[in-house]
Amino acid sequence: MSRWPDLAALRRLDVAAATLALLASVAALWASTAVMGGLPLAEASDMFWMMLTTTDHGHAGCVTIVAMLVLLVLRGIGGAGLASEAAVLLSLAVFAYTRATMGHAGELGFWSLPLAAETLHLAAISLWTGVVVLSGCFVFNGARLAGAAVDGAGTGRYLERMSQAAVLALVLIAATGVYSGWHRVGTGGNLLHTAYGLTLLAKVGLVGLAVALGGYNKLVGLPAAARSERGLWLVRTVLRMEALLLLAVLVAAALLTSQQPPTAL
């Protein structure tokens, strides 16, 4: 386990993730252009540049694209120093903050508490999802699982740090999620009688299932993983199930951004 996560492999994953985020940002801006113009996606090209240059939404979208381009350049240069890693983290922070401004939280101003909560929420769900996907699909893949079982001490340290990162992310998600939900839903009745409220409940339910799987791993899976290779396979299986649930959470979150909160009606 001492040779994984391999730094070069992790940086390749950074490049892949940043490329995906860049393409997703462009696609989201294209879709926004179509919505603003009341046009089919295929006919939005004529308005695309105008939307980028003349609207706040377009300006913010350009910032997210630049943030990912900076990250790609930094990873392409291959710097390994503290300054390079700090610049990568700054790029990710700018991306998270700017994405938050493009949603409902951004309507209240750049320095509002809801926007700060939304930024932390995005960063925390990204941390949790990243840790789970990385661990379940890359760290504990079939080729490395036997080696991880041999290096019991290194594996135990990694699993403990993984668990600590997930717990930190969960605390931030819970705190910011409760605040943002209260701020946008307003009353308990709106949870059950609006599309936004029902989607939010579905998201919370998916998060709850993911938390249950994470709790199982922490209380049962990690101790078992420290004792046997079979325990490691169990941890990996649960992590992959958790990853699927978190991807579903991201889909629910995307649906929420396309709906009007009850307090805004």
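Reading guide: rules and limits
- Residues numbered from 1 in each chain as written.
- Predicted model: local features only at pLDDT ≥ 70, side-chain atom pairs only at ≥ 80, totals over all residues.
- Heavy atoms only, no water.
- Helix = DSSP H or I, 4+ residues; strand = E, 2+ residues; numbered from the N terminus.
- Rg over C-alpha atoms; globule rule 2.2 N^0.38 Å.
- Buried < 20%, exposed > 50% of the residue type's maximum accessible area, 1.4 Å probe, protein only.
- Contact = heavy atoms within 4.5 Å.
- pLDDT = per-residue confidence, 0-100.
- Core = buried A, V, L, I, M, F, W, Y, C linked by side-chain atoms within 4.5 Å.
- Salt bridge = Lys/Arg side-chain N within 4 Å of Asp/Glu carboxyl O.
- Lys, Arg positive; Asp, Glu negative; His and termini not counted.

1. Details of the overall build of the protein chain
At step 1: Along its length, the protein chain carries 10 helices and 0 strands.
At step 2: A compact globule built from 265 residues would reach a C-alpha radius of gyration of about 18 Å, and the protein chain, at 20 Å, matches this within 12%.
At step 3: A principal-axis box enclosing the C-alpha atoms of the protein chain has dimensions of 60 × 50 × 35 Å.
At step 4: Within the protein chain, the proportion of its 265 residues that are buried is 38%.
At step 5: The long-range share in the protein chain, meaning contacts at least 24 apart out of those at least 6 apart in sequence, stands at 67%.

2. Quick notes on the side chain of T98
At step 1: Within the element layout of this structure, T98 appears in helix α4 (residues 82-101).
At step 2: For T98, the contacting residues outside a window of four places in its chain are A60, V63 and T64.

3. A word on the confidence of the model for the protein chain
At step 1: Per-residue pLDDT for the protein chain has a mean of 85; in total, 90% of the residues score no lower than 70.
At step 2: Throughout residues 1-5 the model reports pLDDT below 50, and contacts reaching past four residues in sequence, or to other chains, amount to 15 contacts.

4. Some points on the nonpolar core
The nonpolar side chains of soluble globular proteins are, as a tendency, buried together.
At step 1: W128, F140, L159 and M162 are the most contacted members of the largest nonpolar core, which totals 27 residues.
At step 2: In terms of residue count, helix α10 (residues 229-257) provides more of this core than any other element does, 8 residues in total.

5. Some details on the pattern of salt bridges
At step 1: As enumerated under the stated definition, the model contains 3 salt bridges in all.
At step 2: E85 serves as the salt-bridge partner of R75, at 3.1 Å between the closest nitrogen and oxygen. Remark: E85 occurs in helix α4 and R75 occurs in helix α3 (residues 56-77); sequence separation between them is 10 residues.
At step 3: Overall, R75 belongs to the buried group, its relative accessible area being 10%.
At step 4: Measuring nitrogen to oxygen at the nearest pair gives 2.9 Å for the salt bridge that ties R184 to E118. Of this pair, R184 sits in helix α7 (residues 152-185) while E118 sits in helix α5 (residues 113-139), and the two are 66 residues apart along the sequence. Of the two residues examined, R184 and E118, each falls in the buried class.

6. A look at the side chain of E242
At step 1: By secondary structure assignment, the location of E242 is in helix α10.
At step 2: Buried E242, no salt bridge; nearest opposite-charge side chain is R240, N-O distance 12 Å.

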